[in-house]
Amino acid sequence: MLNDNPGRKKRTIESLHKVGMPFHTIVVTSPDATAAKAAFNGPLGRENLPSCIDERTKLISSSDPFDIRMGSGGGTLAAIQEADHIARLREDQGSKGSILIIHAGGQSSRCPTQMTLGKAWTDLPLAGQTQLSNPTYILIESLSLLLGNLPCGSIAVAASDVILDLKKGNPMSFENISNDNVLGLAVPAPLATAKNHGVFLMRRIHENGKHISDVERFFQKPTIDLMGSHPYCVFTHNGQQMAWIDTGVVIFLPEAANALRNLMNHELSHYTKSGIESRLALNKDAAPGEIVKMKLELYSHLLLAIPTKGSKERESKETRLKNYLSNESNADFCRETLSNIFEKLSGLELKVCTILDGSFTHLGTTNELIDFLISGAMSHRTEVLKGALKLSSRRFYFLNGVQADNRCVIINSIIDSSASFQGPSLIKGGSIVEHCNIENTTIRIGSSCIVSGLRGFSSDAIEIPSNMVFQMLPLSSSKSEESTQYVCMYLGVTDDVKKHELCYGIPFEKFLDEIGLRRDDLWCHEDSQEILWNARIHPVIAVQDQGRFDWTPFIWLSRYLREGIESLKDVSVQSSLMIKDKVQISA
């Protein structure tokens, strides 16, 4: 889906570079076609797009072809082909322009309140702005400023679950940098953070500014001891021991970008829409999912084939190929395909852009999102971003009959409890409330919660204990029909949805035992994994006559979480929990 931004001032391609917009095409990939369409009709179609985007910037909202999960490398190749295809159809500059690909991530399972559109579109209340922002807008603006001198024909790839502060000022210089280089982007990070990410080792530490440097080694999630054992890996910055952390941004300069296109058009063409379609035409009985049998990852399959200067000096090409093929990340991948990838990419070189005053914040989990918004709003600036990104604790809200702690964040919400028979509402500190619309109803929200999309009327008080995540989403058979049922996605902040150790913050086996449920009640035989992400544990709220909501399943569950097993004595478990009316949210 293409957005040409017809309402924006037209500029020539040459003038875009002068004003700092290096990207002529921006592709934002979503988890599936439904999410891509929602992003296209929502944030990518808004009038409040970043000011650096104008009429000449092509915006594409996309997803992996046929909704096949192809991995970050496969998704990158598919996005490149889609951008090139649209450029050819429009008979414009095509591959002469530079492309920015932003991967909006998967299903946001570790930060489930953002699963509707993905973490790329998490609403952020930036202070001093009239509209809400999000990580994607911030990423586009930051990279456009940093890469204002990017050579035409380059391709930049970025992950959207991060907030980057790359400091305004002069853009990065690419003078004397060969066009067959691939560049990582690194900023300093404390060792406790660096050990959970990729780390670059250089032969020297630049004391200021922005630089492109040779790379000695690249470590993936190194231990603190390993980092300390290598000279120049650990350095002191602002009085703290730091390492150069990978931000998830990868830049393929023009010749390197063409090497990717070569793979895309030949050995790895089955990771593109046209490649899949051509194979389906030859085998009409095949399903799209049978064409792409293995995920292609950007780091382990593509970047791992590209040597650093240090590895080229230490090892022969034959040794590097052997190490590449034997890497544990590549164990299950086709050996012949890996050899072809290595042959096409091993002639390139991996360098790194370092920004000494830059910083990096990961927003991959619920806890990280809460910490970022609360700490940023309370100090009126995000300390992790050194004051560059100021947040607000209130944006687009109306409260009446609500006792809201000053240490909570309220975004795009109306809560009027002035006429409620249950008394005033209460929102404790450290909680985030977004996109809620409540009238004549009392809600009591504990500390360190995220509450999203709460709506409707309840004669009983709606109580959400501390450390819980709540999101209310409509269920409807079609867009033309008004929803008559809503699912309450309800989990503990510390619940790991990729396991089933905790449920609602309670040990999972204890929860099953007290409620009187079996595993068969929560998972179907077709479920490949028994994890919280696909468990049927979320109450469904029905809309009754006169628009009243039947909150019985949720209130029963909320009471159990507050009072424990004692709350079950006077309740029929099966009738209250309504297992048959629960839904699976991981489709």
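**As for the pattern of salt bridges**
All chains considered together, the criterion is met by 19 salt bridges. The closest approach of N and O atoms between Glu-463 and Arg-562, which form a salt bridge, is 3.9 Å. Here Glu-463, found in strand E24 (residues 462-464), pairs with Arg-562, found in helix H17 (residues 552-563); they are 99 residues apart in sequence, far enough to count as distant. Residue class for Glu-463 comes out partly exposed when judged on its relative accessible area of 23%. According to the relative accessible area criterion, Arg-562 is partly exposed, its value standing at 40%. We note a salt bridge from Arg-518 to Asp-521, for which the minimum N-O separation is 3.9 Å. When its relative accessible area of 55% is taken as the criterion, Arg-518 is described as exposed. Using a relative accessible area of 16% as the deciding quantity, one classes Asp-521 as buried. A network of salt bridges, in which partner residues are shared, links Asp-214, Lys-309, Lys-312, Glu-349 and Lys-351.

**With respect to the packing of helix H12 (residues 317-326) against helix H13 (residues 335-345)**
The geometry of a pair of packed helices is captured by two quantities: the angle between their axes and the separation between those axes. Contact geometry of H12 with H13 gives a least axis separation of 10 Å together with a crossing angle of 140°. As judged from the angle between their axes, H12 and H13 are oblique. Helix-helix and strand crossings are classified by hand; for H12 and H13 the assignment is right-handed. Judged by residue contacts, Lys-317, Arg-320, Leu-321, Tyr-324 and Leu-325 of H12 engage Arg-335, Leu-338, Ser-339, Ile-341, Phe-342 and Glu-343 from H13.

**Here we look at the confidence of the model for the chain**
With 86% of its residues at a pLDDT of at least 70, the chain reaches an overall mean of 84. Taken element by element, the predicted model of the chain shows its lowest mean pLDDT in helix H1 (residues 13-19) (40) and its highest in strand E18 (residues 425-427) (97). Of the regions scoring below 50 in pLDDT, residues 381-387 engages in 24 contacts with residues more than four places distant in sequence or in other chains.

**Re the pairing of strand E6 (residues 162-165)**
Neither face of E6 is exposed, since Val-162 and Leu-164 on one face and Ile-163 and Asp-165 on the opposite face are all buried. Taken together, the 4 bridges between E6 and strand E14 (residues 359-362) define a ladder with antiparallel strand orientation. Paired with Val-162 across the bridge in E14 is His-362.

**Some points on the sheet that holds strand E21 (residues 443-445)**
Reading across the sheet, the 4 strands line up as E16-E18-E21-E24 and stay open at both edges, with parallel pairing between neighbours. A single partner strand is all that each edge strand has here, and the edge strands are strand E16 (402-404) and E24. Neighbouring strand axes in the sheet, compared pairwise and without regard to direction, differ in orientation by 10° on average. Alignment of E21 against E24, held across 3 bridges, turns out to be parallel. Across the sheet, the residue bridging to Arg-444 is Glu-463, located in E24.

How each quantity is defined
Residues numbered from 1 in each chain as written. Predicted model: local features only at pLDDT ≥ 70, side-chain atom pairs only at ≥ 80, totals over all residues. Heavy atoms only, no water. Salt bridge = Lys/Arg side-chain N within 4 Å of Asp/Glu carboxyl O. Helix = DSSP H or I, 4+ residues; strand = E, 2+ residues; numbered from the N terminus. Buried < 20%, exposed > 50% of the residue type's maximum accessible area, 1.4 Å probe, protein only. Axes fitted to C-alpha atoms, helices over the stretch in contact; angles between N-to-C directions. Parallel < 35°, antiparallel > 145°, perpendicular 65-115°, else oblique. Left-handed = near helix turned anticlockwise from the far one by under 90°. Contact = heavy atoms within 4.5 Å. pLDDT = per-residue confidence, 0-100. Pairing = 2+ DSSP bridges.

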